[in-house]
Amino acid sequence: MKMAHLASERSTCMRRQVGAAVVKDKRVLTTGYNGAPKGIRHCEEIGCLREQMQVPSGQRHELCRGVHAEQNAIIQAAVFGVSVKDGTMYVTNHPCSVCAKIIINAGIREVVFEGDYEDDLAVEIFEEASIKTRKFKSH
């Protein structure tokens, strides 16, 4: 989870800094954080579209310039030819329903999250796909 928190420090999101790390066989495969796609301006520079439109958290995910941390971790694996199949994703917040679908199709078998995120559909989707989710308990 420390790796996910470290990744979150790179976030350019004005609303929530999220980080993710995918691990398999006790090795970190990839990390990701939420922010604008490479080559386009960050919300820090031009303002938050969701804030401007007063979009509540957990709704209308498509109305955002940012790519979620979970998505970026999986994208980075694809870019560098690393399989995340059967891996575990550590993420600083529970994934949204969009990320849940991507996590399932990437073959990730477990999601360990720290903070909550209000998205009942994500919980339902993970349960139906038999993806193990557990809340991180720091020692």
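Owing to the predicted nature of the structure, the values given are computational and were not obtained by experimental measurement. (Residues numbered from 1 in each chain as written. Predicted model: local features only at pLDDT ≥ 70, side-chain atom pairs only at ≥ 80, totals over all residues. Heavy atoms only, no water.)

*Asks:* Now, about the side chain of Q71: what can you tell me, with residues and values included?
*Replies:* Tracing the sequence through the fold places Q71 in helix α4 (residues 69–79). In contact with Q71, other than residues within four places in its own chain, are V98, C99 and I102. (Helix = DSSP H or I, 4+ residues; strand = E, 2+ residues; numbered from the N terminus. Contact = heavy atoms within 4.5 Å.)

*Asks:* Kindly report on the sheet that holds strand β4 (residues 110–115), identifying the contributing residues and their values.
*Replies:* Taken in spatial order, the 5 strands make up an open sheet running β2-β1-β3-β4-β5, and their pairing is mixed. Of all strands in the sheet, those with a lone pairing partner are β2 (27–33) and β5 (132–135), marking the two edges. Ignoring which end each strand starts from, the neighbouring axes of this sheet average 20° apart. Bridge analysis of strand β1 (residues 19–24) against β2 gives 6 bridges, and the strand direction is antiparallel. If you follow V23 over to β2, its bridge partner there is V28. Where α4 meets the sheet, it contacts β1, β2 and β3 (88–93), and its direction lies at approximately 130° from that of β2. (Pairing = 2+ DSSP bridges. Axes fitted to C-alpha atoms, helices over the stretch in contact; angles between N-to-C directions.)

*Asks:* Which residues make up α4, and what values do they have?
*Replies:* Along α4, the residues that are buried comprise A69, E70, Q71, N72, A73, I74 and A77. Packed against the buried residues of α4 are β1, β2, β3 and α5 (97–106). (Buried < 20%, exposed > 50% of the residue type's maximum accessible area, 1.4 Å probe, protein only.)

*Asks:* For a nonpolar patch on the surface, give the residues involved together with the corresponding values.
*Replies:* Where nonpolar side chains cluster on the molecular surface, the patch consists of I75, V79, F80 and V82 and spans about 380 Å² of accessible area. Along the chain, the position of V82 falls in the loop between α4 and β3. Looking at V82, the relative accessible area reads 30%, which means it is partly exposed. (Patch = residues over 30% accessible without salt bridge, like charges linked within 9 Å, V, L, I, M, F, W, Y side chains within 5 Å. Areas by Shrake-Rupley, 256 points an atom, 1.4 Å probe, with all protein chains shown as cover. Salt bridge = Lys/Arg side-chain N within 4 Å of Asp/Glu carboxyl O.)

*Asks:* Please give an account of the confidence of the model for the chain that cites residues and values.
*Replies:* The predicted structure's coordinates, where accompanied by low pLDDT, should not be read in detail. Of the residues in the chain, 99% have a pLDDT of 70 or more, and the chain-wide mean is 93. The weakest mean pLDDT in the chain belongs to helix α2 (residues 43–46) at 84; the strongest belongs to β1 at 98. (pLDDT = per-residue confidence, 0-100.)

*Asks:* Requested: an account of the pairing of β3, with residues and values cited.
*Replies:* The buried count for β3 comes to 5 of 6 residues, which makes it a mostly enclosed element. Examined bridge by bridge, β1 and β3 share 4 bridges and lie antiparallel to one another. Across the sheet, the residue bridging to V22 is M89, located in β3. Summarising the sheet, β3 and β4 pair through 5 bridges and their orientation is parallel. Each residue of the ladder has a partner; that of V91, found in β4, is F113. Viewed along the sheet, the connection from β3 through α5 into β4 turns out right-handed. (Right-handed = clockwise from strand over helix to strand, strands pointing away.)

*Asks:* Explain unusual backbone geometry to me, using residue names and the numbers behind them.
*Replies:* Of note, Q54 is a non-glycine position whose phi angle comes to about 55°, a positive value. For Q54, the location among the structural elements is in the loop between α3 (49–52) and α4. Given a relative accessible area of 70%, Q54 falls into the exposed group. A positive phi angle, close to 60°, is found at S130, a residue other than glycine.

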